[in-house]
Amino acid sequence: MSDYVLRERHGATLVIRLNRPERRNAFDLEVRQGIAEAVYEARDDDTVRAVIITGTGDVFCAGGDLKSLSEAKRPMFKDRDRIRRLHPWFRELVNLEKPVIAAVNGPAFGAGFNLALACDFIIGTPTTRFCAVFGRIGLVPDLGGFFLLPRILGLQRAKDLVFSAREVDAEEALRLGILFRIVEQDSLMPEALALAERYHHASTDALGIAKNILNRSFNLDQDTLAELEASAQALALHTAYHDEAVANFLNKRPLKFKGDATP
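Residues numbered from 1 in each chain as written. Predicted model: local features only at pLDDT ≥ 70, side-chain atom pairs only at ≥ 80, totals over all residues. Heavy atoms only, no water.

A. Examining the layout of surface pockets more closely. The volume enclosed by the second largest pocket comes to roughly 690 Å³. Forming the walls of the second largest pocket are 27 residues, and the residues nearest its centre are Cys119, Asp120, Phe121, Lys211 and Asn215. Of all the elements in the fold, those that place two or more residues in the lining of the second largest pocket are β6 (121-124), α6 (145-153) and α10 (204-214). Its residues assigned to classes, the lining of the second largest pocket shows 18 nonpolar, four polar and five charged. (1 Å grid on protein atoms, 1.4 Å probe; cavity = no way out; pocket = protein on both sides within 12 Å on 5 of 7 lines; lining within 4 Å. Points joined across faces, edges and corners; volume = space filled by probe spheres on them. Helix = DSSP H or I, 4+ residues; strand = E, 2+ residues; numbered from the N terminus. Nonpolar A, V, L, I, M, F, W, Y, C, P; charged D, E, K, R; others polar.)

See below:
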């Protein structure tokens, strides 16, 4: 387990914490490997029902570690392979069939911005800032930015953030739909944990199937989505969770998951 990426259990929630504050939690090889291991743990451990990603200190993630990049010059195709090696675990994170929450405790720049966008919900504070900073150093977005930004922002606004490489503060991020909620700094982790705990009582199978299809909804036509809907519902109807919920409803017992509960 990497010292730069910590894993903490809070009941059925796995907290993945970037822990390199002296480098503003920037990505290097060890950080990338630590995140990958944590993502695979969350995927494979049935006792994990929700995930939170956050950073140590007052920065979520400053993006790529330019110092380590500059010290390790590689041939062009080696650099392509280095980026490609990000994709397997990142796809697993984006499509993880469990709720994933980003608790963004400060700036999230470059790859750190895209790491937050990979989550289902992003909670921030008044000091949270986002920036697709790549253009300032003559680079293009990586770590899924081309996929995530236009889906969350729309094409025109995604182009604005990529072309301008400007910072987006918390209030603008809320208006743009990047942030799900803004809370005070000392409430960030309690709010994130409360939101995660809410899904401890839901059907992980049903949430996972729904997330899987929603993530593909922009790429598929209506007929294909209808077929996926029919198959997904057939699977969900035959889960033990659904059987128990129906029995509780018919016998006037409370349901385990109250979807209208506000964390």
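Having seen it, we continue.
B. Structural view of the pairing of strand β4 (residues 100-104). Counting buried positions along β4 yields five of five residues, so the element is predominantly enclosed. In β4, alternate side chains face the same way, and those of Val100, Ala102 and Val104 on one face and Ile101 and Ala103 on the other are all buried. Pairing between strand β3 (residues 50-55) and β4: four bridges, direction parallel. For Ile52, the partnering residue across the bridge sits in β4 and is Ile101. As paired elements, β4 and β6 share four bridges and run parallel to each other. For Val104, the partnering residue across the bridge sits in β6 and is Gly124. (Buried < 20%, exposed > 50% of the residue type's maximum accessible area, 1.4 Å probe, protein only. Pairing = 2+ DSSP bridges.)

C. Examining the side chain of His200 more closely. Counting through the fold element by element, His200 comes out in the loop between α9 (188-198) and α10. A distance of 2.7 Å separates a polar atom in the side chain of His200 from a polar atom in the side chain of Thr13. The residues touching His200, leaving out its near neighbours within four places in the chain, are His10, Ala12, Thr13, Arg49 and Ala50. (Polar contact = N/O pair within 3.5 Å; in protein donor to acceptor, adjacent residues only side chain to side chain. Contact = heavy atoms within 4.5 Å.)

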